[in-house]
Amino acid sequence: MNGDDVILETRDLVKEFKGFVAVSGVNLRVKRGQIHALIGPNGAGKTTVFNLLTKFLIPTRGRILFEGQDITTEKPAQIARRGVIRSFQISATFPHLSVLENVRIGLQRELGTSMHFWRSERSLDQLNGRALELLETVGLREHAGTVTAELPYGRKRALEIATTLALNPKLMLLDEPTQGMGHEDVERVTQLIKRVAANRTVLMVEHNMNVVASIADTISVLQRGQVIAEGPYAVVSKNPQVLEAYMGSAEAQLEGAHG
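Numbering of residues starts from 1 in each chain and follows the order in which that chain's sequence is written. Residue-level local features of this predicted model are given only where pLDDT is at least 70; pairs of side-chain atoms are given and counted only at 80 or more, and the full residue set underlies all totals for whole chains, interfaces and linings. In computing side-chain properties, one takes all heavy atoms of the structure into account and sets aside hydrogens as well as water.

Participant: Residue-level account of the overall build of the protein chain, with values.
Facilitator: Of the regular secondary structure elements, the protein chain holds 10 helices and 11 strands. Relative accessibility decides the category of a residue: with a 1.4 Å probe and only protein chains considered, values under 20% of the type maximum give buried, values over 50% give exposed, and everything between is partly exposed. Looking at the protein chain as a whole, 48% of its 259 residues are labelled buried. Intrachain contacts of the protein chain at a sequence separation of at least 6 include 66% that bridge at least 24 residues. All accessible-area figures derive from a Shrake-Rupley calculation using a 1.4 Å probe, and residue coverage is judged against the displayed protein chains alone. Only carbon and sulfur atoms are counted for the fraction: they give 51% of the accessible area of the protein chain, which is about 13,100 Å². Secondary structure elements are defined from DSSP: runs of H or I of at least 4 residues count as helices, runs of E of at least 2 residues count as strands, and each element is numbered from the N terminus. Contact definition: two residues touch when any of their heavy atoms are within 4.5 Å.

Participant: Give me the lowdown on the pattern of salt bridges, citing residues and values where you can.
Facilitator: One side-chain nitrogen of Lys or Arg within 4 Å of one carboxyl oxygen of Asp or Glu is enough to make a salt bridge. Taken as a whole and assessed by the stated rule, the structure comprises 13 salt bridges. The closest approach of N and O atoms between Arg-63 and Asp-70, which form a salt bridge, is 2.9 Å. Classification of Asp-70 as partly exposed rests on a relative accessible area of 36%. One salt bridge in this structure joins Arg-141 and Glu-136, with 3.8 Å as the shortest N-O distance. A relative accessible area of 41% means that Arg-141 is categorised as partly exposed. In this structure, a network of salt bridges that share partners links the residues Glu-9, Arg-11 and Arg-29.

Participant: Help me get a handle on the nonpolar core, residues and values and all.
Facilitator: Ranked by size, the top nonpolar core spans 44 residues in total, and within it Val-103, Leu-135, Met-204 and Val-221 carry the most contacts. By residue number, the principal contributor to this core is helix α6 (residues 153-166), which donates 6 residues. Residue contacts for Val-221: discarding those within four places in its chain leaves Ile-39, Gln-226, Val-227, Ile-228, Ala-229, Val-236, Val-242 and Tyr-246. Ile-64, Ile-79, Val-84 and Val-205 belong to the second-largest nonpolar core, a separate cluster that totals 23 residues. Definition of nonpolar core: a set of buried residues of the types Ala, Val, Leu, Ile, Met, Phe, Trp, Tyr and Cys, connected through side-chain atoms within 4.5 Å.

Participant: Run through the packing of helix α5 (residues 128-137) against α6, naming residues and quoting values.
Facilitator: Close contact between α5 and α6 brings their axes to 9 Å; oriented N to C, the two are set at 135°. Judged by the inter-axis angle, α5 sits oblique to α6. Of the two possible hands of crossing, α5 and α6 adopt the one that is right-handed. Taking contact as the criterion, the partners of Leu-134, Leu-135 and Thr-137 in α5 are, on α6, Leu-159, Ala-162, Leu-165 and Ala-166. Between the N-to-C directions of two axes lies an angle of 0 to 180 degrees, each axis being a line fitted to C-alpha atoms and, for a helix, fitted only over the stretch in contact. Convention used here: angles under 35 degrees read as roughly parallel, angles over 145 as roughly antiparallel, angles from 65 to 115 as roughly perpendicular, and any remaining angle as oblique. Take the far helix as your reference; a near helix turned counterclockwise from it by less than a right angle gives a left-handed crossing, and one turned clockwise gives a right-handed crossing.

Participant: Just give me the short version of the side chain of Asn-51, but keep the residues and values in it.
Facilitator: Inspection of the secondary structure assignment puts Asn-51 in helix α1 (residues 46-53). Filtering out sequence-adjacent residues up to four positions away, Asn-51 remains in contact with Phe-56, Leu-57 and Arg-86.

In C-alpha cells form, the structure reads like this:
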C-alpha cells in the first residue's frame with residue numbers, strides 16, 4: 001500500500017492503567033477516503049483507542065501519525081486544528097439554540113471567530129447559506145428553526161454530524177453513532193454516515209454489526225486491547241477468533257430476541 005493512502009497510523013500503541021493493559025500494541029492503518037470501523041466486545045479497548053487518538057489520554061508507549069506527522073505528544077486542540085474531529089462522545093449541541101444556530105457555531109469555530117460572541121447577529125447571517133447547505137446534507141433543512149431540545153433523538157444525532165462537518169474534518173471519529181436508537185433511526189443515521197463519508201475519511205466505534213456490515217470498508221476487531229482480525233466484513237465475520245470473541249454476546253442477543 002502506498003504510504004500516501006494512509007491518513008492515520010498507530011504504531012505499537014499501548015495504554016496501561018495502574019498495571020492493567022487496556023490497549024496492547026495496537027497497529028492501525030486508516031486509509032484516506034474509507035469508512036474504517038473499530039469493533040469488539042465490551043471492554044476490548046475501543047473507546048480507550050479513541051481517547052488516545054484525540055489526546056484525551058496520553059499513550060504509555062507507541063506512536064500516532066496523522067498525514068505522516070508524529071502527533072503523539074500533541075494536545076487535543078492541536079489535533080482538532082489538524083482536522084481530526086470527534087463526534088458523539090457527548091451530545092455536542094446546545095439544546096436551547098435552534099438547529100441552524102448550532103451549525104453556525106461550528107462554522108464560527110472553523111472561521112476562527114469562536115470567541116467573538118459580542119459580534120452582531122448580522123455578521124453571523126453570512127454563515128446561514130453554508131449552515132443551510134450542511135442541514136440539507138443531513139436531512140434537517142426543514143428543521144432549521146426548531147429548538148434543538150425538541151428534536152427526536154435520531155435527528156439530534158444527525159445535527160451532531162452537521163456540526164462536525166461544519167468544522168471541515170479531514171478525519172471524522174464517530175463514537176457509537178447509532179447507540180440507543182430504534183431501527184428506523186439506525187437506518188437513517190447509517191445512510192447519512194455513508195453519504196457524508198463519500199469524500200472524507202471516517203473512523204467509527206460501533207456495536208451494531210448490521211451497520212458495520214453495510215457501510216465499513218475495513219474493520220479492525222479488538223479483544224483485550226489487541227487487534228485480533230482486520231479486513232472487510234466478509235473476511236472478519238468468518239474469522240474463528242472473532243466468532244469466539246463474540247460468541248457470548250451473540251448468544252445473549254439471541255436469548256434477548258426470543259425473550
